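# Observations on the three-dimensional arrangement
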Amino acid sequence: MPTWAIITLAVLLALLPVVAWYRILLREEAVTKRVLFWIFVGGSLSVVPIFFIQFLWGKFPRFNPFLLIESSVTNVAEAAILTFIVVGVMEEVVKHLVVRYTDSRHPEYIETLRHALVFSIVSALGFAFAENIFYFRQIYIVYGVGDLVTSFIFRSIFTAMGHMTFSAVFGYYFGIAKFAESITEHAKWSGKSMPITRMFGKIFGWKTYEVYRQRKILEGLFLAMGLHAIFNFLLEMGQVLPVILLILASATFVYYLIKHTTGNLLFSFTARRESTMATRDEDVVIELLGMWSNEGRLKEVIDICDRLLLRDPDNNVVKIFKAKAQDNQKLRAAYEKLKEVFKKTDITTGTQSVAGIKTSQGSAIKADDEKIIAEVMQTWYKDEKYSQVIDVAKRLLEKNPNSSGAKVILEKAFSKQKAEELFSSLKKLFE
């Protein structure tokens, strides 16, 4: 096959997953298609700096980090991890620069955390498209059609998902960084002191939100880079199943970020309408919102936010209070629904109440009710409410000791809770 035909085939194969993923993820996005198209083009061109850097490393080997790792690290696993970290940093940075450049030219395009996330997905899809062209061309030349089909399937699904989800996480943190001033103001009224952030602000002479902004960008980079490095390492070791599980877990997390209310909150950062309330009076009301939020008085918080937004419609802090209250209200509604299931089950058995949820050793739960309980526990597990999952799973097993679903999610929640406790312990060392 002539060279032009091979390149054409590679381009067409690389384009197929782009069309598929666009229809799956982005077809109903409110952002104009023209903006998404140019971000996609920018993502496709972001491979050029990487190729240029690799060209320079070939000309000046002493600056090549891969050769440095190869010559100085004797442990094969450690060398592989360091190599994939370098690759992860390079790829995540160039994909993110497209979003950063777009935002610098048109800051009005990103008005929600979801926008930042979606733009990052589109940039990553462009990068994956360009990368796949080179991979498919090389695989066809070296290995032929058989391996090309296998590579096409895996790279179209899991490699593309990897690029998109890792970049989406970075993009979400970039969105948080963009709206750092409003978010740190909300944290202040919620009673969060943020001592580390304030300490660095004093050291460098920056405002608290500026430190918070840089911190979130670094957190997003390290998280995306870490996920990318783990993905590459597992793939190099031939661990296909862990790779798939990693991608699915990351994609689930991104899906949650896209769907939850706070992620879709519309921030006002251009010309704001003046509030009809005096600043001192408004501060008193916002302080009250912080107290009620911490006390879990969500209905009152939402009601006051609605009233306050009539007076000050562009107040980002009030919008955050309302969005977080709505997210927490959904979780509470799921919990109340679960309590009703237990209550309904125990009416027929006349049992006693334990911690607000009626339980009974050995009493059976109907299959439909157990299904509702399982769905709620899965929702809590995704939202990292592990203590609630553990509590309810234990109660379910009291009623139905043979519930395999409860046993599985109980073990998973225990593992996650231990990991969180370890992380919290480490975090306290830096506070």
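To be clear, the structure that these remarks concern was listed above.
Residues numbered from 1 in each chain as written. Predicted model: local features only at pLDDT ≥ 70, side-chain atom pairs only at ≥ 80, totals over all residues. Heavy atoms only, no water.

## Some remarks on helix 2 (residues 33-45)
The test is simple: Here a helix means four or more residues in a row that DSSP labels H or I, a strand means two or more in a row labelled E, and each is numbered from the N terminus. Expected span of a helix: the number of residues minus one, times 1.5 Å. Think of it in three bands: with a 1.4 Å probe and only protein chains considered, a residue is buried below 20% of the maximum accessible area for its type, exposed above 50%, and partly exposed in between. In this description, contact between two residues means that some pair of their heavy atoms is separated by no more than 4.5 Å.
In a regular helix each residue adds 1.5 Å, so 13 residues correspond to 18 Å; helix 2 covers 18 Å between its end C-alpha atoms and thus fits that length. Where helix 2 is concerned, the buried positions are V35, L36, I39, F40, G43 and S44. On its buried face, helix 2 is in contact with helix 1 (3-26), helix 3 (47-59), helix 5 (76-105) and helix 6 (113-143).

## Details of the layout of surface pockets
The cut-off we apply is this: Detection works on a 1 Å grid of protein atoms alone, calling trapped sets that fit a 1.4 Å probe cavities and calling open sets with protein on both sides within 12 Å along at least five of seven lines pockets, with lining residues defined by an atom within 4 Å of a point. Grid points are joined across faces, edges and corners, and a volume is the space filled by probe spheres set on the points. Residue polarity is assigned by list, with Asp, Glu, Lys and Arg as charged and Ala, Val, Leu, Ile, Met, Phe, Trp, Tyr, Cys and Pro as nonpolar; anything else, Gly included, falls into the polar class.
Taken as a whole, the second largest pocket encloses approximately 730 Å³ of empty space. Elements with a contribution of two residues or more to the lining of the second largest pocket: helix 3, helix 5, helix 6, helix 7 (145-178) and helix 10 (208-236). Counting residues per element, the lining of the second largest pocket draws most heavily on helix 7, at 7 residues. Of the residues assigned to the lining of the second largest pocket, the class counts are 14 nonpolar, 8 polar and 4 charged.

## Comments concerning helix 15 (residues 367-382)
Because an α-helix completes one turn every 3.6 residues, residues spaced three or four positions apart along the sequence face the same direction. What counts, and what does not: It is the directions from the helix axis to the C-beta atoms that the arc portrays.
Here helix 15 contains 16 residues, and its C-alpha end-to-end distance of 23 Å stays within 8% of the 22 Å for a straight helix at 1.5 Å per residue. Listed in full, the buried residues belonging to helix 15 are D369, E370, I373, V376, M377, W380 and Y381. Each buried residue of helix 15 sits inside an arc of 140 degrees when the element is viewed along its axis, so together they form one side. Opposite the buried face of helix 15, by more than 90 degrees, sit the exposed residues A367, D368, K371 and K382. E384, located one to two residues past helix 15, shows a positive phi value of around 65 degrees.

## Observations concerning the side chain of R395
To be explicit about the condition: Definition of a polar contact: a pair of N or O atoms within 3.5 Å, with one able to donate and the other able to accept a hydrogen when the atoms are protein atoms, and with sequence-neighbouring residues admitted only if both atoms are side-chain atoms.
As for its placement among the helices and strands, R395 is situated in helix 16 (residues 386-399). At a separation of 3.1 Å, a polar atom in the side chain of R395 contacts the side chain of D391.

## Some words on the nonpolar core
This is how the line gets drawn: Nonpolar core, defined: a set of buried Ala, Val, Leu, Ile, Met, Phe, Trp, Tyr and Cys residues in which side-chain atoms within 4.5 Å join the residues together.
Membership of the largest hydrophobic core comes to 66 residues, with the highest contact counts inside it found for I110, L117, F119, V122, I247 and V254. In this structure, V254 is in contact with L117, I121, T165, A168 and V169, ignoring residues within four places of it in sequence. Among the nonpolar cores identified, the runner-up in size contains 19 residues, and L331, I373, M377 and Y386 belong to it.

## Some points on the packing of helix 6 against helix 7
Note the cut-off: Angular values range over 0 to 180 degrees, each being the angle between N-to-C directions of two axes fitted as lines to C-alpha atoms, with helices fitted over their stretch in contact. Geometric relationships in this document are graded by angle, where less than 35 degrees denotes roughly parallel, more than 145 denotes roughly antiparallel, 65 to 115 denotes roughly perpendicular, and other angles denote oblique. Helix crossings fall into two classes, left-handed where the near helix is turned counterclockwise from the far one by less than a right angle and right-handed where it is turned clockwise.
The interhelical angle for the contact between helix 6 and helix 7, taken along N-to-C directions, is 155 degrees, at an axis separation of 7 Å. Taken together, the axis directions place helix 6 and helix 7 in an arrangement best described as roughly antiparallel. Between helix 6 and helix 7 lies a crossing of right-handed hand. Classifying every residue of the contact of helix 6 with helix 7 by side-chain character gives 22 nonpolar, 8 polar and 3 charged.

## Describing the pattern of salt bridges
Pairing is possible between side chains of opposite charge, provided their charged atoms come close. Put simply, the rule reads: Here, a salt bridge means any Lys or Arg side-chain nitrogen found within 4 Å of an Asp or Glu carboxyl oxygen.
Evaluated as defined, the whole model comprises 11 salt bridges. Here R307 and D303 are joined by a salt bridge, their closest N and O atoms 3.1 Å apart. Highlighted residues: R307 and D303, both in helix 13 (residues 298-311), separated by 4 residues, approximately one helical turn. Salt bridges sharing partners connect three or more residues here, namely R215, K216 and E219.

## Here we look at the packing of helix 5 against helix 6
Two elements in contact, helix 5 and helix 6, have axes whose closest approach is 9 Å; the angle formed by their N-to-C orientations is 125 degrees. By the angle between their directions, the pair helix 5 and helix 6 is classed as oblique. Of the two possible hands of crossing, helix 5 and helix 6 adopt the one that is right-handed. Residues E91, V94, K95, V98 and V99 of helix 5 form the contact with helix 6, whose own contacting residues are F119, S120, S123, A124, F127 and E131.

## Comments concerning the environment of L309
Here L309 lies in helix 13. The class for L309 is buried, based on a relative accessible area of 16%. Separated by 34 residues in sequence, L309 and S275 place their C-alpha atoms 8.9 Å apart. In contact with L309, other than residues within four places in its own chain, are N315, V318, K319 and K322.

## Topic: the packing of aromatic side chains
For any pair of aromatic rings, the description consists of the separation of the ring centres together with the inter-plane angle of the planes. Under the convention used in this document: In this analysis, rings of Phe, Tyr and Trp, with Trp reduced to its six-membered ring, are considered paired at centre separations within 6.5 Å, and the interplanar angle assigns stacked below 30 degrees, edge-to-face beyond 60, and tilted for intermediate values. Two limits define a charge over a ring: the Lys NZ or Arg CZ must be within 6 Å of the ring centre, and within 35 degrees of the ring normal.
Following the criterion strictly, the structure yields 9 aromatic pairs and no others. Here the aromatic rings of F37 and W38 are separated by 5.2 Å at their centres, their planes lie at 70 degrees, and the arrangement is edge-to-face. In textbook terms, an aromatic cluster arises when at least three aromatic residues are bridged by ring pairs, as seen for F200, F204 and W206. Over the aromatic face of W189 sits the side chain of K188, whose NZ or CZ is 4.6 Å from the ring centroid.

## Details of a nonpolar patch on the surface
Inclusion rule: Patch building starts from residues that exceed 30% relative accessible area and form no salt bridge, then joins like charges within 9 Å and nonpolar side chains (Val, Leu, Ile, Met, Phe, Trp, Tyr) within 5 Å. For the area figures, the Shrake-Rupley method with a 1.4 Å probe applies, and any residue is considered shielded solely by the protein chains shown.
A cluster of nonpolar side chains, F52, I53, F55, L56, F60 and F63, forms an exposed patch at the surface whose accessible area comes to about 580 Å². Structurally, the position occupied by F55 is in helix 3.

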